[in-house]
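Listed below are the residues making up each chain.
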Amino acid sequence: MSAIGLPQYLIVSALLFCIGLLGVIVRRNVLVIYMSLELMLNAGNLALVAASRFNNNVNGQIMVFFIITVAAAEVAVGLALIVAMYRRRQTTHVEDLTTLKL
Amino acid sequence: MQAAAFYIIAVLVLLCGGLVIANPVSRNPVTSAMFLVLTILSMAGLFVLLDAFFLAAVQVLVYAGAVIVLFLFVIMLLDLKEEERRRVNWGAAGLGVLAVGVIGAVMIRTIKFARPPGRISAVGTVGSAEALGQALFTHYALPFELVSLLLVVAMIGAILLSRKDLR
């Protein structure tokens, strides 16, 4: 096995991002779509931490710190929106939520 | 040793990530949430391998501790029996796989052809809580305060949105 460098971490990050994107595209449950969004955010975090480590620069980790905070806030608001939506429509299925469709 | 750990954890991350979005056994969102926990814990392992110890701790505390609990709370709150009966739209799924495959191929080729970074020193002082705190409370003090404001706004928003008489 060769030494693990930045490209290996970036490839893992890219693959995880693709998995998350696939989940957003394919799955039809709002909650699972939301979890896939979290996966994509995590993939971005991994790329930033790896870049920060291999460039010996702390700024990438600061950014990840802020991303984690913002993601927590986003999850709180998003799940409140999902609960409100469920109260009104009794569904978490995106194909039932087409009111804005032309 | 480190390489072996990296490969094991990377496979674990990708496997659990895949099981979040497409579980052949169960389509229950609770299963997805559980595999999301595993993904996030393995991700914390990768952070440790990258000497980002503080972020690994934050990842476990915030994601596995708070975000997933919130997810599970909402899943339990809403009754999601209906989801399992829905059929999968295989045509749309195939097109999605194709599109994401193309995007992934573009990203991986880009990484392959990128200029490799120069060799860096092996000492990992970057990830310590001390270095992070130094930067956070000096150079990034204003963003830090703004994030606290954002958290307050998000909290008020979540409370407002989940009121029963929302108009």
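Residues numbered from 1 in each chain as written. Chains lettered and ligands numbered in written order. Predicted model: local features only at pLDDT ≥ 70, side-chain atom pairs only at ≥ 80, totals over all residues.

A. Structural detail: the overall build of chain B. When helices and strands are counted, chain B shows six helices and zero strands. The helix and strand sequence of chain B, counted from the amino end, reads α-α-α-α-α-α. Residue burial in chain B is summarised as follows: out of 167 residues, 25% are buried. Here the contacts in chain B between residues at least 6 apart in sequence split such that 62% fall between residues at least 24 apart. (Helix = DSSP H or I, 4+ residues; strand = E, 2+ residues; numbered from the N terminus. Buried ≥ 20, exposed ≤ 12 C-beta atoms within 10 Å, placed from the backbone. Contact = placed C-beta atoms within 7 Å.)

B. Broad picture of the interface of chain A and chain B. Listed per partner, the contact involves 61 residues of chain A and 72 residues of chain B. Of all the elements in the fold, those that place two or more residues in the side of chain A that touches chain B are α1 (6-26), α2 (30-54) and α3 (59-89) of chain A. Counting residues per element, the side of chain A that touches chain B draws most heavily on α3(A), at 20 residues.

C. Fine view of the environment of B:V11. Residues and elements named next belong to chain B. In this fold, V11 is placed in helix α1 (residues 2-21). Judged by local crowding, V11 falls into the exposed class, with 12 C-beta atoms found within 10 Å. Distance in space between the C-alpha atoms of V11 and G94 is 24 Å, their sequence separation being 83 residues.

D. Geometry of the confidence of the model for chain B. Residue and element names in this part refer to chain B. Summing up the model confidence of chain B, the mean pLDDT is 86 and the portion of residues at 70 or higher is 87%. The secondary structure element of chain B with the lowest average pLDDT is helix α5 (residues 129-138), at 86, and the one with the highest is helix α6 (residues 141-161), at 93. Model confidence for the complex is summarised by a pTM of 0.90, with the ipTM given as 0.91. (pLDDT = per-residue confidence, 0-100.)

E. Spatial organisation of the domain arrangement of chain B. Looking at the assigned domains, one finds that chain B contains domain 1 (1-81) and domain 2 (128-167). Once you take the C-alpha centre of each, domain 1 of chain B and domain 2 of chain B turn out to be 23 Å apart. (Domains from an automatic or database assignment.)

F. Expanded view of α3(A). Given a rise of 1.5 Å per residue, 31 residues ought to cover 45 Å, and the 44 Å separating the end C-alpha atoms of α3(A) matches this to within 8%. Listed as buried for α3(A) are A:G60, A:Q61, A:I62, A:V64, A:F65, A:A71, A:V75, A:A76, A:G78, A:L79, A:A80 and A:I82. Lining the buried residues of α3(A) we find α2 of chain A together with α3 (53-77), α5 and α6 of chain B. A:Q90 lies just past α3(A) and shows a positive phi near 60°. (Expected span 1.5 Å × (residues − 1).)

G. Geometry of the nonpolar core. A:L31, A:M35, A:L46, A:V49, A:A50 and B:F47 are the most contacted members of the largest nonpolar core, which totals 68 residues. Among the secondary structure elements, those contributing two or more residues to this core are α1, α2 and α3 of chain A together with α1, α2 (29-49) and α3 of chain B. Here the element with the most residues in this core is α2(A); it accounts for 16 residues. (Core = buried A, V, L, I, M, F, W, Y, C linked by C-beta atoms within 7 Å.)

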